[in-house]
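Each chain, letter by letter, is given below.
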Amino acid sequence: MTPTETGTRPRVEGERELQILDATLEVLDEVGYDLLTMDAVATRAKASKATLYRRWKGKPELVVAAIMAHKGEPVVPDTGSLRGDLLAAYCGSGGLNDPLAQSVLSAVVTAMVRDPEFAEVYRRDFIGPKVASSRAIYERARERGEVHPDSDLSVLAPALAGIVLHRAFLLGDAVTPDLLGRVLDEVVLPAALHGPIRPGSTS
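Just so you know, these numbers come straight off a predicted model, no measurement behind them. (Residues numbered from 1 in each chain as written. Predicted model: local features only at pLDDT ≥ 70, side-chain atom pairs only at ≥ 80, totals over all residues. Heavy atoms only, no water.)

**Concerning the layout of surface pockets**
Take a probe with the size of a water molecule and roll it over the atoms, and the empty space left behind shows itself. Space inside the largest pocket adds up to approximately 730 Å³. In terms of lining residues, the largest pocket is bounded by 28 residues, among which Phe126, Ile127, Lys130, Ala161 and Leu165 are the most central. Of all the secondary-structure elements, those providing two or more residues to the lining of the largest pocket are helix H4 (59–71), helix H6 (99–114), helix H7 (116–143), helix H8 (153–156) and helix H9 (159–169). For the lining of the largest pocket, the element with the highest residue contribution is H7, accounting for eight residues. (1 Å grid on protein atoms, 1.4 Å probe; cavity = no way out; pocket = protein on both sides within 12 Å on 5 of 7 lines; lining within 4 Å. Points joined across faces, edges and corners; volume = space filled by probe spheres on them. Helix = DSSP H or I, 4+ residues; strand = E, 2+ residues; numbered from the N terminus.)

Quick look at the structure:
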């Protein structure tokens, strides 16, 4: 059977789907995106390649689905504060302090540069919902008075992840809840409350 000859056989779902997605992450973690193949995932998951193609169009869709399954559905925590919401959103399984998530992200960044098809799928299916949930956190915080009315959320919302991942990948820091808290307290929360500094302003 070729990838397009799927016929009417049932789609992969439930526990079997999760097993295949787990196998995908294992292979991705071991060899990176470039060397990951549908054959390798099928072998690891003890499935046929045709089984994979019945559920996923190709490697980009399979890898993104595996990342999304590990990360979980984007949620908008409601702890009552911007600090609490961001810690809840970025810590735990699949969060910035998750070692597997960090390893996978390293492979993903390389893949996005080299594979435009993968980059498109990843931005659409994974980054898009994450951006929306993060923006919702900041918009709700703005309603509570924790974010300046003039703050540009397209700049502010990605700041936490950007700073923490810079420290992790370039400086070699361990990503911990303590590091996340310090970045929030020293940079993100003051910036959110203060708002933009206009040209010529002395404040």
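**Considerations on the packing of helix H5 (residues 82–90) against H7**
Geometrically, a packed helix pair is captured by the angle between its two axes and the distance between the axes. Running from N to C, H5 and H7 cross one another at 165 degrees; their axes reach a closest spacing of 9 Å. On the basis of the axis angle, H5 is roughly antiparallel to H7. Viewed along their axes, H5 and H7 form a crossing whose handedness is right-handed. Residues Leu82, Asp85, Leu86, Ala89 and Tyr90 of H5 form the contact with H7, whose participating residues are Lys130, Ser134, Ile137, Tyr138, Arg140 and Ala141. Class assignment of the residues belonging to the contact of H5 with H7 gives a composition of seven nonpolar, one polar and three charged. (Axes fitted to C-alpha atoms, helices over the stretch in contact; angles between N-to-C directions. Parallel < 35°, antiparallel > 145°, perpendicular 65-115°, else oblique. Left-handed = near helix turned anticlockwise from the far one by under 90°. Contact = heavy atoms within 4.5 Å. Nonpolar A, V, L, I, M, F, W, Y, C, P; charged D, E, K, R; others polar.)

**Digging into the environment of isoleucine 163**
Among the structural elements, isoleucine 163 can be located in helix H9. Exposure remark for isoleucine 163: the relative accessible area of 27% places this residue in the partly exposed category. Through-space distance from the C-alpha of isoleucine 163 to that of alanine 50 is 42 Å; in sequence the pair is 113 residues apart. Sequence-distant contacts of isoleucine 163, defined by excluding residues within four places in its chain, comprise Val183 and Val187. (Buried < 20%, exposed > 50% of the residue type's maximum accessible area, 1.4 Å probe, protein only.)

**Here's the deal with H9**
Within H9 the residues assigned to the buried category are Leu160, Ala161, Val164 and Ala168. Down the axis of H9, the smallest arc covering the buried residues is 90 degrees, so these residues share one side. The inward-facing, buried residues of H9 abut H5, H6 and helix H10 (177–194). (Arc of directions from axis to C-beta.)

**Examining unusual backbone geometry**
Positive phi outside glycine occurs at lysine 46, with the angle close to 55 degrees. Here lysine 46 falls in the exposed class, since its relative accessible area comes to 74%.

**Observations concerning the side chain of serine 134**
Of note, serine 134 is situated in helix H7. Judged by its relative accessible area of 10%, serine 134 falls in the buried class. Residues contacting serine 134, with those up to four places away along its chain left out, are Tyr90 and Ala157.

**Things to note about the nonpolar core**
Core analysis: the largest hydrophobic core is formed by 33 residues, its most contacted members being Leu28, Leu52, Leu62, Ile67, Phe118 and Tyr122. For this core, the secondary structure elements donating two or more residues are helix H1 (14–35), helix H2 (38–45), helix H3 (49–55), H4, H6 and H7. Among residues more than four places away in sequence, those in contact with isoleucine 67 are Leu25, Val104, Val108, Tyr122 and Phe126. Core analysis: the second largest hydrophobic core is formed by 24 residues, Ala89, Leu160, Leu179 and Leu184 among them. (Core = buried A, V, L, I, M, F, W, Y, C linked by side-chain atoms within 4.5 Å.)

**A word on the pattern of salt bridges**
Evaluated as defined, the whole model comprises 14 salt bridges. Close ionic contact of arginine 44 with glutamate 30 constitutes a salt bridge, the shortest N to O distance being 2.8 Å. On the criterion of sequence distance, the pair formed by arginine 44 in helix H2 and glutamate 30 in helix H1 is long-range, its members being 14 residues apart. You can call glutamate 30 exposed: its relative accessible area is 54%. Through salt bridges with shared partners, a single ionic network connects Asp78, Asp85, Arg140, Arg144 and Glu146. (Salt bridge = Lys/Arg side-chain N within 4 Å of Asp/Glu carboxyl O.)

As far as function goes, none of this settles anything; it's purely spatial.
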